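Each chain, written out:
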Amino acid sequence: MAGHRIVDIPASNLKKRMTEILYNQGYILKYKFEEDNKQGVIKIALKYDATTKQPAIHSLERVSRPGLRQYAKPAEIRRVKNGLGIAILSTSKGVMTDKDARSQNVGGEVLCHIY
């Protein structure tokens, strides 16, 4: 929302997988994992509309948090913005989108909603 072109975040395996999902879904332009002597850094180039300068990610809402975890069965996974957005879930088969979780018939912890 601040209009930055490139964002640096500390790396973890969960954040790396979430970055790959955002790239595959078209929400970010590109990304790069950089190793340093500590935990590493993820450099993300954010995507903006060329004409209106609006960001591709309008909203990223954290659903599950340490004080109140949110879990969903495959039949209970809600569609985000009537299918226009995505939800990222942490399942027993790895981190995936809500559509992949429904197709593989697995549930898990709902990490965030993006649209």
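Residues numbered from 1 in each chain as written. Predicted model: local features only at pLDDT ≥ 70, side-chain atom pairs only at ≥ 80, totals over all residues. Heavy atoms only, no water.

Looking at an unreviewed UniProt entry, the chain carries the name Small ribosomal subunit protein uS8, with the source organism given as Niabella drilacis. According to the UniProt record, the Sequence similarities (unreviewed entry) comment for the chain reads "Belongs to the universal ribosomal protein uS8 family." (UniProt positions renumbered as here; feature names shortened; annotations may be inferred.)

Caption draft 1: Examining the domain arrangement of the chain more closely. Domain boundaries assigned for the chain yield domain 1 (1-56) and domain 2 (58-114). Summarising the inter-unit geometry, the C-alpha centres of domain 1 and domain 2 are found 20 Å apart. Opposite the 10 residues of domain 1 that make contact, domain 2 presents 11 residues. By the criterion of area lost to domain 2, the three top residues of domain 1 are Met-18, Ile-21 and Tyr-27, representing 43% of everything that side buries. Viewed at the interface, domain 2 and domain 1 are joined by 0 salt bridges. In this assembly, domain 1 and domain 2 are joined by 2 residue pairs in polar contact (both at pLDDT 80 or more). When grouped by side-chain class, the residues that make up the side of domain 1 that touches domain 2 number 8 nonpolar, 1 polar and 1 charged. (Domains from an automatic or database assignment. Contact = heavy atoms within 4.5 Å. Buried area = accessible area lost by both parts, 1.4 Å probe. Salt bridge = Lys/Arg side-chain N within 4 Å of Asp/Glu carboxyl O. Polar contact = N/O pair within 3.5 Å; in protein donor to acceptor, adjacent residues only side chain to side chain. Nonpolar A, V, L, I, M, F, W, Y, C, P; charged D, E, K, R; others polar.)

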